[in-house]
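Architecture and fold: a report
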Amino acid sequence: MIRIGLTSFNEHVALTGKEQTTLFEYAGKLPLVEIDTAYYGIPRVSTVENWVAQVPGNFRFVVKLYAGFTGQNKWQDHYSSFDELTAHFLQALAPLLESGKLYCCLAQFPAQFKCTRKNVRYLETLRQAFLDVPLAIELRDFSWYAPELKTKTLKFMAAQKFSLVMVDEPQLLDTVPLDLTVTNPAFTLFRFHGRNKDYWKSSGQGWRKKRTLYRYNETELAELAVKIQQVAKKSQQTAVIFNNNSGGDAADNALAMIRLLGLDYNDLNPSQLDLF
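Before going into details, it helps to say that this report is about the structure given with it. Fair warning: this is a prediction, and the values are worked out from it, not measured in the lab. (Residues numbered from 1 in each chain as written. Predicted model: local features only at pLDDT ≥ 70, side-chain atom pairs only at ≥ 80, totals over all residues. Heavy atoms only, no water.)

Points about the packing of helix H4 (residues 45–54) against helix H5 (residues 82–99)
Interhelical geometry of H4 versus H5 gives an angle of 20° and a closest axis separation of 7 Å. If you check the angle between H4 and H5, you find them roughly parallel. Pair H4 / H5 crosses with right-handed handedness. Between H4 and H5, the contacting residues are Val-45, Val-48, Glu-49 and Val-52 on the first element and Gln-91, Ala-92, Pro-95, Leu-96 and Ser-99 on the second. Its residues placed into classes, the contact of H4 with H5 shows six nonpolar, two polar and one charged. (Axes fitted to C-alpha atoms, helices over the stretch in contact; angles between N-to-C directions. Helix = DSSP H or I, 4+ residues; strand = E, 2+ residues; numbered from the N terminus. Parallel < 35°, antiparallel > 145°, perpendicular 65-115°, else oblique. Left-handed = near helix turned anticlockwise from the far one by under 90°. Contact = heavy atoms within 4.5 Å. Nonpolar A, V, L, I, M, F, W, Y, C, P; charged D, E, K, R; others polar.)

Here is the structure:
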């Protein structure tokens, strides 16, 4: 099955015409969402239970790992041990795991996370910490894809049963390629960030919004659709997240991709009109 979704559920005006969309409303349009708030802080169990209650049975969540797991926050400031941190995160995930609505957890590593022995060992530690959880790894540094290391990277990901995220981003000298190697046939995750070359490396004020300010055109979407279909033949489940929403383009691109792929999601939440 191919699921198309967006990063976050509440900011996509194109879906409902509303400035703030509820998860229930979002799940009436799309069957997948990426939850980024968990990156900034581990959610309460009650919050996750509420997510589960608002979506239909075939809806799935991609949950980004807390920043402490990917070296972008000091977990030592809040937890006495790595095991305590892991236990807290898994406790929060429990409603998703028990309901079967977790597509995967996403570990998005920064560009500073290079292909070194130390970092390879850490990925092994992360795998053991989330032994029974589907885990997707997104790498932002080209060193993992360098000609002399790429084959080893892919074999390692496969051995650890990681799904190496298939990333579409601006192709610069040191950015990662859109590699279609399926490292875990149980599930695959695409993340489309847009191709804004001018601002991809931006670090000034408002850099996050500038980086993903991009709208895929029809030709680009058609090319990506072919790649999705190729991967779907090798994966039991395929998920696509559009993250290019600085200008509100993600939802329109996602809906266009659904049409291109001829997908029909007939088990979504009812729209408000269907209730009367």
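Now that the structure is up, let's keep going.
With respect to the pattern of salt bridges
Pairing is possible between side chains that carry opposite charge, provided their charged atoms lie close to one another. Scanning the entire structure with this criterion turns up 12 salt bridges. For Lys-114, the salt bridge identified is with Asp-141, shortest N-O distance 2.9 Å. Here Lys-114, found in the loop between strand S4 (102–108) and helix H6 (117–129), pairs with Asp-141, found in the loop between strand S5 (135–138) and helix H7 (150–159); they are 27 residues apart in sequence, far enough to count as distant. According to the relative accessible area criterion, Asp-141 is buried, its value standing at 10%. A salt bridge links Arg-140 to Glu-138; the shortest N-O distance between them is 3.0 Å. Overall, the relative accessible area of 0% leaves Glu-138 in the buried class. (Salt bridge = Lys/Arg side-chain N within 4 Å of Asp/Glu carboxyl O. Buried < 20%, exposed > 50% of the residue type's maximum accessible area, 1.4 Å probe, protein only.)

A closer look at the environment of Asn-245
Structurally, Asn-245 can be placed in the loop between strand S9 (238–242) and helix H10 (250–261). With 234 residues separating them along the chain, Asn-245 and Glu-11 place their C-alpha atoms 8.7 Å apart. Residues in contact with Asn-245, not counting those within four places in the same chain, are Glu-11, His-12, Thr-212, Ala-250 and Ala-251. A polar side-chain atom of Asn-245 sits 3.3 Å from a polar atom in the side chain of His-12. (Polar contact = N/O pair within 3.5 Å; in protein donor to acceptor, adjacent residues only side chain to side chain.)

Observations regarding the side chain of Ser-143
With respect to the helices, strands and loops of the structure, Ser-143 is situated in the loop between S5 and H7. One polar contact links Ser-143 to Asp-141, side chain to side chain, over a distance of 2.5 Å. Once you skip the residues sitting within four places of it in the chain, Ser-143 turns out to touch Lys-114, Cys-115 and Leu-149.

Brief notes about the nonpolar core
By size, the foremost hydrophobic cluster in this structure holds 84 residues, and its most contacted members are Ile-4, Phe-61, Phe-89, Leu-126, Ile-137, Phe-242 and Met-257. Broken down by element, this core gets its largest block of residues, seven residues, from H10. Setting aside its immediate chain neighbours within four residues, Leu-126 contacts Leu-65, Phe-69, Phe-82, Ala-107, Phe-109, Leu-135 and Ile-137. (Core = buried A, V, L, I, M, F, W, Y, C linked by side-chain atoms within 4.5 Å.)

Some points on the sheet that holds strand S6 (residues 163–164)
Reading across from one edge, S6-S5-S4-S3-S2-S1-S9-S8-S7 is the order of the nine strands in this open sheet, with parallel pairing throughout. Where the open sheet ends on each side, the last strands, each with one partner, are S6 and strand S7 (166–168). Strand direction decides the pairing type here: strand S2 (residues 32–35) and strand S3 (residues 60–64), joined by four bridges, are parallel. If you follow Ile-35 over to S3, its bridge partner there is Val-63. Its contacts with the sheet place helix H9 (residues 218–232) against strand S1 (2–7), S7, strand S8 (188–192) and S9, and it is angled at close to 165° to S8. (Pairing = 2+ DSSP bridges.)

Structural notes on H9
In an α-helix there are 3.6 residues to a turn, and that puts residues three or four apart on one side. Taking 1.5 Å of rise per residue, 15 residues should cover 21 Å, and H9 covers 21 Å from first to last C-alpha, within 8% of that figure. Buried within H9 we find Glu-220, Leu-221, Leu-224, Ala-225, Ile-228 and Val-231. Down the axis of H9, the buried set is contained in an arc of 140°. They therefore lie on one face. For H9, exposure combined with an orientation more than 90 degrees from the buried face picks out Glu-218 and Thr-219. Where H9 is buried, its residues touch S1, S7, S8, S9 and H10. Measuring from the backbone nitrogen of Thr-219 back to the side-chain oxygen at the start of H9 gives 3.1 Å, which picks out Asn-217 as the cap. (Expected span 1.5 Å × (residues − 1). Arc of directions from axis to C-beta.)

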